[in-house]
Every structure is written in C-alpha cells, then in structure tokens.
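# Survey of secondary and tertiary structure
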Amino acid sequence: MEITLLKVHGSMNTFYLLEGPEIEHYDQLTLQLSQMDSSVDGLLVVLPSEKDHAKMRVFNRDGSEASMCGNGLRCVARYVCERTDWTKQ
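Predicted model only: the values in this text are computed from it and were never measured.

## Structural notes on the pattern of salt bridges
One pass over the structure, following the stated rule, counts four salt bridges. The shortest N-O distance in the salt bridge between Asp 37 and Lys 7 comes to 2.8 Å. Taken together, the positions of Asp 37 in the loop between α1 (26–36) and β3 (42–47) and Lys 7 in strand β1 (residues 5–10) put the pair 30 residues apart, joining distant regions of the chain. By relative accessible area, Lys 7 is classed as partly exposed at 40%. Here Arg 83 and Glu 19 are joined by a salt bridge, their closest N and O atoms 2.4 Å apart. Here Arg 83, found in helix α2 (residues 70–84), pairs with Glu 19, found in strand β2 (residues 13–19); they are 64 residues apart in sequence, far enough to count as distant. You can call Arg 83 partly exposed: its relative accessible area is 34%. Accessibility expressed as a relative area gives 36% for Glu 19, which makes it partly exposed.

## Quick word on the pairing of strand β4 (residues 55–60)
Where β3 lies against β4, six bridges are found, and the strand directions are antiparallel. Following the sheet pairing, Val 46 is matched in β4 by Met 56. Two elements, β4 and strand β5 (residues 65–66), share two bridges in a ladder whose sense is antiparallel. The partner of Val 58 across the bridge, within β5, is Ala 66.

## Some points on the side chain of Asp 37
Owing to a relative accessible area of 14%, Asp 37 belongs among the buried residues under this scheme. Once residues lying within four places of it in the same chain are set aside, the contact partners of Asp 37 are Lys 7, Tyr 16 and Arg 61.

## Remarks on the confidence of the model for the chain
A residue-level look at the chain finds 94% of positions with pLDDT of 70 or above and a mean pLDDT of 90. Mean pLDDT across the elements of the chain bottoms out in α2 (91) and peaks in β5 (96).

## Comments concerning α2
In an α-helix, one turn spans 3.6 residues; hence positions three or four apart end up facing the same way. Over its 15 residues, α2 runs 21 Å from end to end, which matches the ideal 21 Å to within 8%, given 1.5 Å per residue. Within the sequence span of α2, burial applies to Gly 72, Cys 75, Val 76 and Val 80. In an axial view of α2, the angular spread of the buried residues amounts to 130°, which keeps them on one side of the axis. Away from its buried face, by an angle of more than 90 degrees, α2 presents the exposed residues Arg 74, Arg 78 and Glu 82.

What counts as what
- Residues numbered from 1 in each chain as written.
- Predicted model: local features only at pLDDT ≥ 70, side-chain atom pairs only at ≥ 80, totals over all residues.
- Heavy atoms only, no water.
- Salt bridge = Lys/Arg side-chain N within 4 Å of Asp/Glu carboxyl O.
- Helix = DSSP H or I, 4+ residues; strand = E, 2+ residues; numbered from the N terminus.
- Buried < 20%, exposed > 50% of the residue type's maximum accessible area, 1.4 Å probe, protein only.
- Pairing = 2+ DSSP bridges.
- Contact = heavy atoms within 4.5 Å.
- pLDDT = per-residue confidence, 0-100.
- Expected span 1.5 Å × (residues − 1).
- Arc of directions from axis to C-beta.

What follows is the structure, encoded as structure tokens:
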C-alpha cells in the first residue's frame, strides 16, 4: 500500500499528517516515523466522518494515542479547509 505523508507544523510542534484509510497499526507506523525523523512529535491521521468534514486521530511519537492535541488540531483544520476549499460564508 502506498501512502502520502505531509510534514506539518503547528506552534512549535511538528507532525506527519496522513489522510486515511483506516488501518489497525498507526501506532507502529508512528514508531517507525519517529525513529526515522527525531524532529517529529507524532502522527496526525485524517479520516472520513459521517457527521463533519473529517475526524482526527493523534498518535504520540511513542505510538500511544492521544485524546486531544490542540496544535495538531490546528494543522488538521487547515488541511481539511484547504482540501475542501472551504471558506467562511
């Protein structure tokens, strides 16, 4: 499977961002990315949502899943807005 990663920054945090698909091993992927790039704080995963434009999952560099990450949310919000060409109405 081929995936595309973006390297994004939000208020002194650096993440890799990945848009779906839903897979089981984001924790292992995050560990591998963290070993290859010591400047990265974790992985942001953008997934489809039935209620909104997208949903977010956040994985810390140790592979654990975080319940929330404000700086990561800023990165994902910008990504989703640009991807959907959303502008304030």
